There are 2 protein chains.
Amino acid sequence: MIRLTYRIETAGPVEAMARKIASDQSTGTFVALPGETEELKARVAARVVAIRPLPPSDRASFPDEAGGASLFNRADVDIDFPMDAVGTDLSALMTIAIGGVFSIKGMTGIRIVDMKLPAEFAAAHPGPQFGVSGSFALTGVKDRPIIGTIVKPALGLRPHETAAMVGELIEAGVDFVKDDEKLMSPAYSPLKERVAAIMPRILDHEQKTGRKVMYAFGISHADPDEMMRNHDMVLAAGGNCAVVNINSVGFGGLAFLRKRSGLVLHAHRNGWDVLTRHAGIGFEFSVWQQFWRLLGVDQFQINGIRVKYWEPDESFVRSYRAVTAPLFSPADVALPVIGSGQWGGQAPDTIAATGGSTDLLYLCGGGIVSHPDGPGAGVKAVRQAWEAAVAGVPLTAYAEDHPELARSIEKFADGKAA
Amino acid sequence: MIRLTYRIETAGPVEAMARKIASDQSTGTFVALPGETEELKARVAARVVAIRPLPPSDRASFPDEAGGASLFNRADVDIDFPMDAVGTDLSALMTIAIGGVFSIKGMTGIRIVDMKLPAEFAAAHPGPQFGVSGSFALTGVKDRPIIGTIVKPALGLRPHETAAMVGELIEAGVDFVKDDEKLMSPAYSPLKERVAAIMPRILDHEQKTGRKVMYAFGISHADPDEMMRNHDMVLAAGGNCAVVNINSVGFGGLAFLRKRSGLVLHAHRNGWDVLTRHAGIGFEFSVWQQFWRLLGVDQFQINGIRVKYWEPDESFVRSYRAVTAPLFSPADVALPVIGSGQWGGQAPDTIAATGGSTDLLYLCGGGIVSHPDGPGAGVKAVRQAWEAAVAGVPLTAYAEDHPELARSIEKFADGKAA
């Protein structure tokens, strides 16, 4: 049995709307038909199993086409779908349990707030290949977050310019570097040339130090064959990670890639916000991320504390909990990637809000490269901030004998990095 | 140059927000960096080329996180992206020009309302393989809409039960039959068995009459390899069409399939409504459908007049215009599939609203199978309704010497089919 929870909003009774969802999304049809027998319904019909009323709203989320209503009833509705009707294919799950619900007339708001999948889904999908332990093993990081950064500016650098910047970041001591999600294989920086310019620096550094910086190359392409060619290019050159814009390649792109992948798959969720930003509409991240983790995401970008985007801290915290909670086993957890406007100053609040684990990738852009004493000092400052946060020492106190952190606080504490 | 038009809404000045989109979606970064030269900007920077103010709104579309504003400024903003920065890959286009815009802080609403692509995109993508002319050639229909229906109930019939119903529909004279979009390959009706049960009836009928009913099998699967196996099964059995749930397979799934496809690809857009139903958020269909047509959709479901869903007629009409307007050439037009609560009664208003073309697939579920004198009379009634509509004769007048239409009007004209 698959259980979905829908937060519904309607000018009419919530009970009737709940029944309509269950009917429309399984056997339902708009006029009674002779073939629709009870036996058939027993086999595949979805069933409303609980309705938990919520306070009504005085404002419709979607426009109220009928007009005239001043109050909209709300409830969380649990509906069970038989496995026989859906199976374990994620496109079937998305289409049957979710796809059509946003089109129902008279529904002024609907948000998918929970989804509980049975164990059959664990066996049917690969899940992460590397996940948390693989990410730490490959970077050689222990007992602290993986510290990462993004090559900036996002677009416009030629391969040799990117490589020069990557060289500087490697020297600075970062564990992880990534292409901006918008950088894939444009004419001025074809992936092939970028790989050829960057990987020798990664490998030289590994030769010298024994530590291999993880570089996530932008391999996304709408055509899975092209994306695989990009993947193979990175792997053949000794790379071990790729940025995948999951919304822009879709289930098909990620499923195809994961089956053949030798790279850590770092998911960027650009486009996701349109599905979640209006609280009366769309998806909770806790539901949506299940699809992508089953498909095989290793590292999942989820924003952070005091980000530069719209997302409030409490929403990030819920995402963190979702992505770090096992679906079926600890091996299916994706590494949380915390980023956007981060410089280390958010480490104490991040720990306080998430429970203290340092099993995470902490992505700082300007917070590292714009440190007044250069990227090397930027990396040190971020590490120091995490040391202080883990030890429960206030950053300002820790900064007294950690000059890089002190300089970082001087520059960023007023919010300039955000 | 690629031109996007964003309908933005913000408590602040629209000019600053327009510049922020252009910056964030190309070179932008949150602190000034030494590498960001003017030459680089000239190469890849997006540029605001026009701002057309709209009347302000007193209501934020997305929640106003900052709070306190009582008026939200609105404008249509044209932004140009250099081809060098994006290229022709559709995942790059989606990520760069669209992906991140929904996350911008202080933007209380953003909707992608137009997208103009240069000719490079025509050469880079396959577009429809069969499209309008292929759909008509394969069904043998001329000078009228292709009349189609959907096997109901949506879920629950076993293959032999589905095949029995298909047999009846074939005898009734339909041109096209499809699986409900929710039917793919569940345990009680594996696609293989459904194909084996249905195709002999299609082929027998072709042998006898020379006319081959087009049957669209639900082949969607999140894994493109599995979807291809489904495709191959249908093709090998003599089938010529497939339902693809485009949102549930993604760009990757459709791109992979189209490159290898021998079937007419009938797109069901379930899930789309969440991206368009709130007028201040998401996408206009005219933008979104361009991606899928370039990827290779042959037939596109777009609702119709007086549907059972939320979508108002004027929105359907805009979708119809979008899908029938060439992007680069008439060959890239997708066949509009008009459905939901249709029974023929909407034919006059459909013609009046869309300009009179009968190059369309008219999908009736209950409107055919629930005709009081059976599906055969149902098909005749729908054909008669279109004959009347094309001739400009009122349905009630035409029904005087067309008894099937008369009976259809008796049963459905009060809106029961909707």
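Just so we're clear, the structure is a prediction, and the values are computed from it rather than from any experiment.

Undergrad: Is there a simple way to explain the environment of Ile 246 of chain B in this structure?
TA: Residues and elements named next belong to chain B. For Ile 246, the location among the structural elements is in helix H10 (residues 246–260). Among the residues examined, Ile 246 registers a relative accessible area of 0% and is labelled buried. Separated by 26 residues in the primary sequence, Ile 246 and Trp 272 have C-alpha atoms spaced 9.3 Å apart. For Ile 246, the residues in contact, after removing those within four places along its chain, are Leu 254, Ala 267, His 268, Arg 269, Trp 288, Trp 292, Val 297 and Phe 300.

Undergrad: Can you walk me through the packing of helix H10 (residues 246–260) of chain A against helix H11 (residues 285–295) of chain A in this structure?
TA: A pair of packed helices is characterised by two quantities: the angle between their axes and the separation of those axes. Residues and elements named next belong to chain A. At a closest axis distance of 9 Å, the pairing of H10 and H11 adopts a crossing angle of 30 degrees. As judged from the angle between their axes, H10 and H11 are roughly parallel. Touching Ile 246, Asn 247, Gly 250, Phe 251, Leu 254, Ala 255 and Arg 258 of H10 are Trp 288, Phe 291, Trp 292 and Leu 295, all from H11. A breakdown of the residues in the contact of H10 with H11 according to their chemical character gives eight nonpolar, two polar and one charged.

Undergrad: Help me understand the relation of the copies chain B and chain A, please; the structure alone is not making it clear to me.
TA: Relating one copy of the chain to the other requires a rotation about an axis plus a shift along that axis. In screw terms, the move from chain B to chain A is a rotation of 180 degrees and a rise of 0.0 Å along the axis, fitting with an RMSD of 0.0 Å. The superposition operator between the copies reduces to a two-fold rotation axis. Distance from the rotation axis, computed per C-alpha, reaches its smallest value in chain B at Gly 250 of chain B: 1.9 Å. Interface residue correspondence from chain B to chain A reaches 100%, placing this contact among same-surface, isologous pairings.

Undergrad: I tried to follow the pattern of salt bridges on my own but got confused; where do I start?
TA: Once the charged atoms of two side chains with opposite charge are near each other, the side chains can pair. Residue and element names in this part refer to chain A. Applying the stated rule across the entire model yields 50 salt bridges over all chains. Where Arg 7 meets Asp 76, a salt bridge forms, and the shortest distance between an N and an O atom there is 2.7 Å. Taken together, the positions of Arg 7 in strand S1 (residues 2–10) and Asp 76 in strand S3 (residues 72–81) put the pair 69 residues apart, joining distant regions of the chain. Take Arg 7: its relative accessible area is 30%, and that puts it in the partly exposed class. Ionic pairing is found between Glu 410 and Arg 407, a salt bridge with its closest N-O pair at 3.5 Å. Here the residue Glu 410 and the residue Arg 407 both occupy positions in helix H17 (residues 403–412), the gap between them amounting to three residues, near one helical turn. Taking relative accessible area as the criterion, Glu 410 reaches 58% and is therefore assigned exposed. Three or more residues are tied together by salt bridges with common partners; here these are Arg 111, Glu 284, Glu 314 and Arg 318.

Undergrad: Is there a simple way to explain the UniProt feature "domain: Ribulose bisphosphate carboxylase large subunit C-terminal" (unreviewed entry) in chain A in this structure?
TA: In the UniProt entry, the feature "domain: Ribulose bisphosphate carboxylase large subunit C-terminal" (unreviewed entry) is given for residues 141–412 of chain A. Overall, residues 141–412 of chain A shows 47% helix and 13% strand. The separation of its end C-alpha atoms is 26 Å.

Undergrad: Looking at this structure, I do not really get the sheet that holds strand S12 (residues 335–338) of chain A. What am I missing?
TA: Either a parallel or an antiparallel arrangement is found when strands of a sheet pair, and the pairing is made through backbone hydrogen bonds. All names here are of chain A. Read around the closed barrel, eight strands run S5-S6-S7-S8-S9-S11-S12-S13, paired in parallel fashion. Strand after strand, the sheet turns through a mean of 25 degrees between neighbouring axes, direction not considered. The pairing of strand S8 (residues 241–245) with strand S9 (residues 264–268) spans five bridges and is parallel. Counted as the bridge partner of Asn 245 is His 268 from S9. Set on the sheet, H10 makes contact with S8, S9 and strand S11 (299–301); between it and S8 the angle comes to about 135 degrees.

Undergrad: So what exactly am I meant to see when it comes to the domain arrangement of chain A here?
TA: Interfaces are often described in size by the accessible area the parts lose on coming together. All names here are of chain A. When the domains of chain A are assigned, the result is domain 1 (2–124) and domain 2 (131–412). Inter-centroid distance (C-alpha atoms) of domain 1 to domain 2 is 36 Å. Taken residue by residue, the interface counts 20 residues in domain 1 and 17 residues in domain 2. Taken over both partners, the interface formed by domain 1 and domain 2 buries close to 1700 Å², and the fraction arising from carbon and sulfur atoms is 68%. By the criterion of area lost to domain 2, the three top residues of domain 1 are Leu 90, Arg 111 and Met 115, representing 39% of everything that side buries. Along the contact surface separating domain 1 from domain 2 lie one salt bridge. Of the charged contacts in the structure, one is a salt bridge between Arg 111 and Glu 284, with a shortest N-O distance of 2.8 Å. At the surface where domain 1 touches domain 2, the tally comes to 10 residue pairs in polar contact (both at pLDDT 80 or more). The element best represented in the side of domain 1 that touches domain 2 is strand S4 (residues 107–116), accounting for seven residues. Of the residues contributing to the side of domain 1 that touches domain 2, the split by class is 15 nonpolar, three polar and two charged.

Undergrad: Looking at this model, I keep getting lost on the packing of H10 of chain A against H10 of chain B. Mind explaining?
TA: Running from N to C, H10 of chain A and H10 of chain B cross one another at 65 degrees; their axes reach a closest spacing of 3 Å. The two elements H10 of chain A and H10 of chain B cross, and the hand of that crossing is right-handed. Side by side, H10 of chain A and H10 of chain B meet where Ser 248, Val 249, Gly 250, Phe 251, Gly 252, Gly 253 and Phe 256 of chain A of the first sit next to Ser 248, Val 249, Gly 250, Phe 251, Gly 252, Gly 253 and Phe 256 of chain B of the second. Looking at the contact of H10 of chain A with H10 of chain B residue by residue, the classes come out as six nonpolar, eight polar and no charged.

Undergrad: Would you mind showing me how to read the interface of chain B and chain A here?
TA: Each partner contributes to the interface: chain B provides 91 residues, whereas chain A provides 91 residues. Taking both partners together, chain B and chain A bury about 7300 Å²; carbon and sulfur atoms supply 61% of that area. One can count 10 salt bridges joining chain B with chain A. Residues Glu 65 of chain A and Arg 277 of chain B are paired through a salt bridge, measuring 2.9 Å at the closest nitrogen-oxygen approach. In this structure, the connection of chain B to chain A is made through 38 residue pairs in polar contact (both at pLDDT 80 or more). Every element with two or more residues in the side of chain B that touches chain A is listed here: helix H2 (38–44), helix H3 (83–86), helix H4 (90–98), helix H9 (224–236), H10, strand S10 (281–283) and helix H14 (366–369) of chain B. A per-element tally of the side of chain B that touches chain A places H10 of chain B first, with 10 residues.

What counts, and where the lines are drawn
- Residues numbered from 1 in each chain as written.
- Chains lettered and ligands numbered in written order.
- Predicted model: local features only at pLDDT ≥ 70, side-chain atom pairs only at ≥ 80, totals over all residues.
- Heavy atoms only, no water.
- Helix = DSSP H or I, 4+ residues; strand = E, 2+ residues; numbered from the N terminus.
- Buried < 20%, exposed > 50% of the residue type's maximum accessible area, 1.4 Å probe, protein only.
- Contact = heavy atoms within 4.5 Å.
- Axes fitted to C-alpha atoms, helices over the stretch in contact; angles between N-to-C directions.
- Parallel < 35°, antiparallel > 145°, perpendicular 65-115°, else oblique.
- Nonpolar A, V, L, I, M, F, W, Y, C, P; charged D, E, K, R; others polar.
- Least-squares fit on C-alpha atoms with pLDDT ≥ 70 in both.
- Salt bridge = Lys/Arg side-chain N within 4 Å of Asp/Glu carboxyl O.
- UniProt positions renumbered as here; feature names shortened; annotations may be inferred.
- Pairing = 2+ DSSP bridges.
- Domains from an automatic or database assignment.
- Buried area = accessible area lost by both parts, 1.4 Å probe.
- Polar contact = N/O pair within 3.5 Å; in protein donor to acceptor, adjacent residues only side chain to side chain.
- Left-handed = near helix turned anticlockwise from the far one by under 90°.

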